[in-house]
Amino acid sequence: VQLQASGGGLVQAGGSLRLSCAASGRTVSSYAMGWFRQAPGKERESVAAITWSGGSTHYADSVKGRFTISRDNAKSTVYLQMTSLKPEDTAVYYCAADRWLGYLRSGTHEYDYWGQGTQVTVSS
């Protein structure tokens, strides 16, 4: 499975961005998908996750009400819509796939496949 994240960029505080994660090589329609981020000098953290069907989602407290994760299995693509962006959202954002068929997980070690990351910079 190869994951390609895109859509990052520079945006002013209060602005919006939509990240995309396209999967190839093998279908990820049966995998849970997650978005993570890593700011300079900090550990990688979970931002949002979604089940294979899209029926269940989970968000970090810091992004609840501002970010929305969604997926289109027909396109093998997962999205992260980010609104009301803050300077503290600045980080490299990664998408990842989890083959686990149970509850949504947020640990970086629990995900099996990773994309290369896309930079999001929010200016104040």
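Everything here concerns the structure above.
Remarks on the environment of Tyr111
Alright, step 1. Its place among the elements puts Tyr111 in the loop between β9 (91-98) and β10 (113-114).
Alright, step 2. Judged by relative accessible area, which is 5%, Tyr111 ranks as buried.
Alright, step 3. Taking the C-alpha atoms as reference points, Tyr111 and Ala32, 79 residues apart in sequence, are found 9.0 Å from one another.
Alright, step 4. Here Arg105 takes part through its backbone oxygen, which lies 2.6 Å from a polar atom of the side chain of Tyr111.

Thoughts on the nonpolar core
Alright, step 1. Trp35, Leu80, Met82 and Tyr93 are the most contacted members of the largest nonpolar core, which totals 30 residues.
Alright, step 2. Contributions of two or more residues to this core are made by β1 (2-6), β3 (17-24), β4 (32-38), β5 (45-50), β7 (67-72), β8 (77-82), β9 and β11 (118-123).
Alright, step 3. Apart from residues lying up to four places away in sequence, Met82 is in contact with Gly15, Ser16, Leu17, Leu19, Arg66, Phe67, Tyr93 and Val120.
Alright, step 4. Residues Ala32, Ala49, Ala96 and Tyr111 belong to the second largest nonpolar core, which totals six residues.

Describing the packing of aromatic side chains
Alright, step 1. Per the stated rule, a full pass over the model turns up five aromatic pairs.
Alright, step 2. The interplanar angle of 5° and the centroid separation of 6.2 Å between the aromatic rings of Tyr31 and Tyr113 together place this pair among those described as stacked. Placement of Tyr31 in the loop between β3 and β4 and of Tyr113 in strand β10 is noted, with a sequence separation of 82 residues between them.
Alright, step 3. Its guanidinium or amino end placed over the ring of Tyr94, Arg44 lies 3.7 Å from that ring's centre, counting from NZ or CZ.
Alright, step 4. The ring of Trp114 carries the charged tip of Arg44 above its face, separated from the ring centre by 4.9 Å.

Thoughts on the sheet that holds β8
Within a beta sheet, neighbouring strands are joined by backbone hydrogen bonds and run either parallel or antiparallel to one another.
Alright, step 1. If you walk across this open sheet you meet the four strands as β1-β3-β8-β7, and the pairing is antiparallel. The open sheet has two free edges, formed respectively by β1 and β7, since each of these has just one partner strand. Strand-to-strand twist of the sheet, defined as the mean angle between neighbouring strand axes without regard to direction, takes the value 15°.
Alright, step 2. Looking at chain direction, β7 and β8 are connected through six bridges and run antiparallel. Paired with Ser70 across the two strands is Tyr79, which belongs to β8.

Some thoughts on the pairing of β9
Alright, step 1. With seven of eight residues buried, β9 is to be regarded as a mostly interior element.
Alright, step 2. Pairing analysis gives seven bridges linking β4 to β9, with the strands arranged antiparallel. Residue pairing for β9: Gln38 is matched across the bridge by Val92.
Alright, step 3. As defined by bridge partners, β9 adjoins β11 across three bridges and the pair is classed as antiparallel. If you follow Tyr93 over to β11, its bridge partner there is Thr118.
Alright, step 4. Note: β9 against β10, two bridges, orientation antiparallel. Each residue of the ladder has a partner; that of Ala97, found in β10, is Tyr113.

Quick notes on the rules
Residues numbered from 1 in each chain as written. Predicted model: local features only at pLDDT ≥ 70, side-chain atom pairs only at ≥ 80, totals over all residues. Heavy atoms only, no water. Helix = DSSP H or I, 4+ residues; strand = E, 2+ residues; numbered from the N terminus. Buried < 20%, exposed > 50% of the residue type's maximum accessible area, 1.4 Å probe, protein only. Polar contact = N/O pair within 3.5 Å; in protein donor to acceptor, adjacent residues only side chain to side chain. Core = buried A, V, L, I, M, F, W, Y, C linked by side-chain atoms within 4.5 Å. Contact = heavy atoms within 4.5 Å. Phe/Tyr/Trp six-rings, centres within 6.5 Å; stacked < 30°, edge-to-face > 60°. Lys NZ or Arg CZ within 6 Å of the ring centre and 35° of its normal. Pairing = 2+ DSSP bridges. Axes fitted to C-alpha atoms, helices over the stretch in contact; angles between N-to-C directions.

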